[in-house]
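Chains, contacts and geometry: an overview
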Amino acid sequence: MPTPWLPRGVEAKNMCVLATPVRYFHLDFAVTFSTAPGSPKMRNLAADPRVSVGIFAPLVGRASSRGAQLFGRARVLSEEDPDFAHYRPAFRRQSDHVERSRSLDEPPSGPVVVVEAERIVYTEHWLRRDGFAPRQFWTRSGL
């Protein structure tokens, strides 16, 4: 049976689902986050880089639901990776450092996980008021 959130022709074989909230940052159509090198997230990304990222606004009722589902492939960048310097500035680490009792002078450490959106499903039920469908779909050109 096809899975409605996967593109046609893609099967959900051996797909691991780990839905844990993370503090994320964005740079254009890329979502970035960091996690501990030996964490279950990193092990799962190494096994299968296909990911789905859910971003939502708080609900006030069914008619007000808003959010985006991004689909893409995760890339784990170390400090030696040439793209690392491009994505690391997107991190606003101050609040993260304060929560972990780190000095604000301490540079961020660890890998950066980058998910560049290949497809986005945006949901906002209030779009109906203006005559639009409550779900909008975007696909990266050339896919």
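Anything mentioned here points back to the structure above.
Model, not experiment: these values are computed from the prediction.

1. Looking at the overall build of the protein
- On a plain count of helices and strands, the protein comes out with 3 helices and 6 strands.
- Each helix and strand of the protein, ordered N terminal to C terminal, gives the series β-β-α-β-β-α-α-β-β.
- Of all 143 residues assigned to the protein, the portion counted as buried reaches 30%.
- Within the protein, counting contacts between residues at least 6 apart in sequence, those at least 24 apart form 57% of the total.
- In the form shown here, the protein has an accessible surface area of approximately 10,100 Å², with 56% of it arising from carbon and sulfur atoms.

2. Remarks on the nonpolar core
- Counting residues in hydrophobic clusters, the biggest one holds 12 residues: Val31, Phe33, Met42, Leu45, Val53, Ala68, Leu70, Ala74, Val113, Val115, Ala117 and Ile120.
- When residues of this core are traced back to their parent elements, those giving at least two are β2 (30–33), α1 (40–47), β4 (66–77) and β5 (112–124).
- Considering every element that reaches this core, the biggest residue donor is β5, with 4 residues.

3. Quick word on the environment of Gln69
- In this fold, Gln69 is placed in strand β4.
- With 14 residues separating them along the chain, Gln69 and Ile55 place their C-alpha atoms 6.4 Å apart.
- Non-local contacts of Gln69, meaning those with residues more than four positions away in its chain, are made with Ser52, Val53, Gly54, Arg119, Ile120 and Val121.
- In terms of polar contacts, Gln69 uses its side chain to reach the side chain of Ser52, at 2.3 Å.

4. Looking at α1
- Every buried residue of α1 is accounted for by Lys41, Met42 and Leu45. The buried residues of α1 occupy an angular sector of 95 degrees when the element is viewed end-on, so they sit on one face. Along α1, the residues that are exposed and aim more than 90 degrees away from the buried face are Arg43, Ala46 and Ala47.
- Contacts from the buried residues of α1 go to β2, β3 (50–56), β4 and β5.

5. Looking at the side chain of Glu124
- Structurally, Glu124 is set in strand β5.
- Notably, Glu124 is buried but unbridged: the nearest opposite-charge side chain belongs to Arg66, and the N-O separation is 4.9 Å.
- For Glu124, the contacting residues outside a window of four places in its chain are Ser65, Arg66 and Pro134.

6. As for the packing of aromatic side chains
- Enumeration according to the criterion identifies 1 aromatic pair in this entry.
- For the ring pair Phe29 and Trp138, a centre distance of 4.7 Å and an interplane angle of 5 degrees mean the geometry is stacked. With Phe29 in the loop between β1 (25–27) and β2 and Trp138 in strand β6 (residues 135–139), this residue pair connects regions lying 109 residues apart in the sequence.
- A relative accessible area of 29% places Trp138 in the partly exposed class.
- In this structure, Arg119 is placed above the aromatic ring of Phe71, and the distance from its NZ or CZ to the ring centre is 4.2 Å.

7. Some words on the pattern of salt bridges
- Scanning the model with the defined rule gives 3 salt bridges in all.
- We note a salt bridge from Arg75 to Asp83, for which the minimum N-O separation is 3.0 Å.
- Arg75 sits in the partly exposed class, given a relative accessible area of 30%.
- Among the ionic contacts, a cluster of salt bridges with common partners joins Arg75, Asp83 and Glu116.

The rules we used
- Residues numbered from 1 in each chain as written.
- Predicted model: local features only at pLDDT ≥ 70, side-chain atom pairs only at ≥ 80, totals over all residues.
- Heavy atoms only, no water.
- Helix = DSSP H or I, 4+ residues; strand = E, 2+ residues; numbered from the N terminus.
- Buried < 20%, exposed > 50% of the residue type's maximum accessible area, 1.4 Å probe, protein only.
- Contact = heavy atoms within 4.5 Å.
- Areas by Shrake-Rupley, 256 points an atom, 1.4 Å probe, with all protein chains shown as cover.
- Core = buried A, V, L, I, M, F, W, Y, C linked by side-chain atoms within 4.5 Å.
- Polar contact = N/O pair within 3.5 Å; in protein donor to acceptor, adjacent residues only side chain to side chain.
- Arc of directions from axis to C-beta.
- Lys, Arg positive; Asp, Glu negative; His and termini not counted.
- Salt bridge = Lys/Arg side-chain N within 4 Å of Asp/Glu carboxyl O.
- Phe/Tyr/Trp six-rings, centres within 6.5 Å; stacked < 30°, edge-to-face > 60°.
- Lys NZ or Arg CZ within 6 Å of the ring centre and 35° of its normal.

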